[in-house]
Amino acid sequence: MDDEHPGGPPAPRSVQLDARQVRTLAHPLRMRLLGTLRLDGPATATALAEKLHTNTGATSYHLRQLAEVGLVTEDLDRGAGRQRWWQAAHDISNFEPTDFDDDPDARAAVQWIQADQVRLLAEQAERWMAVAPGWSREWRDAAGMGDMVLELGPARLRALNDELWQLLERYRDEATPDERDARSVHVFLAAFPRVEEER
């Protein structure tokens, strides 16, 4: 959907992942390629290989795998000669883990994707903490993490997640205020039942 919000950016393009897309996406380089194209915009396989510290052959192969299931497309407006530019086909990927209960391979892929999100959260947090002392007091006080344990059933947990997601979407869709020190901020949302460690 390409409708523009009044005074804001275009509405994000979203895809409900099917089993084939989930299985294709469950690969470290493919996740990084799709994420980079979504964040930084169209690029060639060579530019992506340089940015992600891999080789062009591997990058080209995995871009074709992503294209085969409709997660990336060629940017035909940019290509010149043999140079192929790639772009993300969507801005957001959605799925319900239970969509794949009857497909063991897709279920394993979903578990890998979710574990990769946890790894990415830890990696991003460690990067921030390593450089935070060099940032302004305002940024150091604004950034951070916290946690809270709530007593919720599945219906209220779903409602909480939906409401938090709507809040994130509102901030994303609002016209960017004229903040001279605005930066790209990575926000993670996670809420799941507390499972006691077995003793």
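Summarised in this report is the structure supplied together with it. These figures come from a predicted structure and were not determined experimentally.

So, how was this worked out
- Along each chain, the written sequence defines residue order, and numbers are assigned to residues from 1.
- Note on the predicted model: pLDDT of at least 70 is required for a residue's local features to be given, and 80 or more for side-chain atom pairs to be given and counted; whole-chain, interface and lining totals, by contrast, use all residues.
- Each side-chain value is worked out from all heavy atoms of the structure, with water and hydrogens disregarded.
- Two strands qualify as a pair provided DSSP detects at least 2 bridges between them.
- Here a helix means four or more residues in a row that DSSP labels H or I, a strand means two or more in a row labelled E, and each is numbered from the N terminus.
- In this description, a nonpolar core means a group of buried Ala, Val, Leu, Ile, Met, Phe, Trp, Tyr and Cys residues linked to one another through side-chain atoms lying within 4.5 Å.
- Exposure categories follow from relative accessible area, calculated using a 1.4 Å probe and restricted to protein chains: below 20% of the type maximum is buried, above 50% is exposed, and the middle band is partly exposed.
- Think of a polar contact as two N or O atoms within 3.5 Å of one another; within protein, one of them needs to be a possible hydrogen donor and the other a possible acceptor, and neighboring residues in sequence only count if both atoms come from side chains.
- Any two residues whose heavy atoms approach within 4.5 Å at even a single point are treated as in contact.
- Geometry of aromatic contacts follows a simple scheme: Phe, Tyr and Trp rings, the Trp one being its six-membered ring, pair when their centres are within 6.5 Å, and the pair is stacked under 30 degrees between planes, edge-to-face over 60, tilted otherwise.

1. Some thoughts on the sheet that holds strand E4 (residues 85–88)
Reading across from one edge, E2-E4-E3 is the order of the three strands in this open sheet, with antiparallel pairing throughout. Pairing within the sheet leaves two strands with one partner each, and these edge strands are strand E2 (43–44) and strand E3 (72–74). As paired strands, E2 and E4 are joined by two bridges and run antiparallel to one another. The residue of E4 that forms the bridge with Thr 44 is Trp 85.

2. Some remarks on the nonpolar core
Grouped together as the largest cluster of nonpolar side chains are 25 residues, with contacts concentrated most on Val 22, Leu 25, Leu 33, Leu 37, Leu 63 and Leu 71. Those elements that place two or more of their residues in this core are helix H1 (19–25), helix H2 (28–40), helix H3 (45–52), helix H4 (56–68), E4 and helix H5 (104–131). It is H2 that contributes the most residues to this core, five residues altogether.

3. What about the side chain of Thr 59?
On the secondary structure map, Thr 59 appears in helix H4. With relative accessibility at 0%, the residue Thr 59 sits in the buried group. Engagement of the side chain of Thr 59 in a polar contact is seen with the backbone oxygen of Asn 55, the distance being 3.0 Å. Those residues in contact with Thr 59 that lie beyond four places of it in its chain are Leu 29, Leu 33, Ala 45, Leu 48, Ala 49 and Thr 54.

4. Looking at the packing of aromatic side chains
Tallying each qualifying case throughout the model produces three aromatic pairs. Ring geometry for Phe 95 and Phe 100: centres 6.4 Å apart, planes at 55 degrees, overall tilted. The class for Phe 95 is partly exposed, based on a relative accessible area of 21%. We classify Phe 100 as buried; its relative accessible area is 4%. Each ring, one from Trp 135 and one from Trp 139, has its centre 5.6 Å from the other, and the planes form 85 degrees; the classification is edge-to-face. Residue Trp 135 is classed as partly exposed on the basis of its relative accessible area, which comes to 28%. Members of the aromatic cluster, each reached through a chain of ring pairs, are Trp 128, Trp 135 and Trp 139.

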